[in-house]
Amino acid sequence: MEKVLIQAVKKKDKRAFEELYEKYSSYALRTAYLVTKSHSLASDAVQETFIRVYFSIDLFDINKPFKSWLYKILINECCRLMKKNANTVYLEDFPVFLEKEKHYDNLDTERYELLYKSIRRLNDKIRIPMVLKYLRGFKEKEIADILDININTLKSRLFKGRQKIKEYIEENCEGGSFNEYQS
């Protein structure tokens, strides 16, 4: 089904592109927000990503997973915008309301917010792989391809991320432990 949709987009079918956008845009926006930590940058990154998808869809190999290709573009856009806007602070990003992910529906709001705060505190090199693996469900090989890094480097970053999240939660959790946050 997705291949048919992408074939139509390759033929510059605007309805097919709108359908593709509807299918992936909210998912991409939540990911971009977790990567950039800014609603404004996330919106810009998603917009730029879909513009790039539209104009470079002919370069996409229909036999490969579209989602990985899309996320490679999205992550590159997020990084480009973060670098470009490194000294900019957006007022609409305060206070931050974090959209609840379906993976964590069983967590109460306080624990959920603590988990997200711990993720947001990670540096980009660790946070981005953590978001892609644990919140977006990509396989390690896909993440390594998206980020253009060695699989062992990725595994090291994931390990460091888990350790840092565990430390932060245990330091900030009243009467609980990191194990309560794992699902």
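These figures come from a predicted structure and were not determined experimentally.

Visitor: For the packing of aromatic side chains, give the residues involved together with the corresponding values.
Guide: A full pass over the atoms with the stated rule returns 10 aromatic pairs. With a centroid separation of 5.8 Å and an interplanar angle of 75 degrees, the aromatic rings of Tyr 27 and Tyr 71 are classed as edge-to-face. You can see Tyr 27 sitting in helix α2 (residues 14-36) and its partner Tyr 71 sitting in helix α4 (residues 66-84), a full 44 residues away along the chain. In this pair, the class of Tyr 27 matches that of Tyr 71, namely buried. One aromatic cluster is present, built from ring pairs that chain together Phe 17, Tyr 21, Phe 50, Tyr 54 and Phe 55.

Visitor: Could you give me a rundown of helix α1 (residues 2-10), with the residues and numbers involved?
Guide: Those residues of α1 that fall on the buried side of the exposure criterion are Leu 5, Ile 6, Val 9 and Lys 10. End-on, the buried residues of α1 take up no more than an arc of 140 degrees, which puts them together on one face. Looking at the packing, one finds that the buried side of α1 touches α2 and α4. At the C-terminal side of α1, Lys 12 shows a positive phi close to 65 degrees.

Visitor: Account for the side chain of Ser 68, with residues named and values stated.
Guide: The residue Ser 68 is located in helix α4 in this model. Look at Ser 68 and you get buried, because its relative accessible area is 14%. Beyond its immediate stretch of four places on either side in the chain, Ser 68 contacts Phe 138, Glu 142 and Ile 146.

Visitor: An account of the environment of Leu 59 is needed here, citing residue identities and associated values.
Guide: Along the chain, Leu 59 turns up in the loop between α3 (39-56) and α4. For Leu 59, a relative accessible area of 73% corresponds to the exposed category. Considered as a pair, Leu 59 and Lys 10 are 49 residues apart in the sequence and their alpha carbons are 9.3 Å apart.

Visitor: How would you explain the packing of helix α7 (residues 140-147) against helix α8 (residues 151-172) if you had to name every residue and give the values?
Guide: Running from N to C, α7 and α8 point in directions that differ by 105 degrees, and their axes come no closer than 9 Å. Between α7 and α8, the angle is such that the two are roughly perpendicular. Where α7 abuts α8, its residues Glu 140, Lys 141, Ile 143 and Ala 144 lie against Ile 151, Leu 154, Lys 155 and Leu 158. In terms of residue class, the contact of α7 with α8 is built from 5 nonpolar, no polar and 3 charged.

Visitor: Break down the nonpolar core for me, with residues and values.
Guide: What tends to happen in soluble globular proteins is that the nonpolar side chains get buried as a cluster. Counting residues in hydrophobic clusters, the biggest one holds 54 residues, and the most contacted among them are Leu 20, Val 53, Phe 66, Tyr 71, Leu 74 and Leu 132. For this core, the elements supplying multiple residues, two or more each, are α1, α2, α3, α4, α5 (109-120), α6 (124-135), α7 and α8. Setting aside anything within four residues of it in sequence, one finds Leu 74 in contact with Ala 28, Thr 31, Ala 32, Ala 45, Val 46 and Thr 49.

Visitor: Please set out the side chain of Ser 25 residue by residue, giving values where relevant.
Guide: With respect to the helices and strands, the residue Ser 25 is situated in helix α2. Judged by its relative accessible area of 11%, Ser 25 falls in the buried class. Not counting residues up to four positions away in its chain, the partners in contact with Ser 25 are Val 46 and Phe 50.

Rules of the game
- Residues numbered from 1 in each chain as written.
- Predicted model: local features only at pLDDT ≥ 70, side-chain atom pairs only at ≥ 80, totals over all residues.
- Heavy atoms only, no water.
- Phe/Tyr/Trp six-rings, centres within 6.5 Å; stacked < 30°, edge-to-face > 60°.
- Helix = DSSP H or I, 4+ residues; strand = E, 2+ residues; numbered from the N terminus.
- Buried < 20%, exposed > 50% of the residue type's maximum accessible area, 1.4 Å probe, protein only.
- Arc of directions from axis to C-beta.
- Contact = heavy atoms within 4.5 Å.
- Axes fitted to C-alpha atoms, helices over the stretch in contact; angles between N-to-C directions.
- Parallel < 35°, antiparallel > 145°, perpendicular 65-115°, else oblique.
- Nonpolar A, V, L, I, M, F, W, Y, C, P; charged D, E, K, R; others polar.
- Core = buried A, V, L, I, M, F, W, Y, C linked by side-chain atoms within 4.5 Å.

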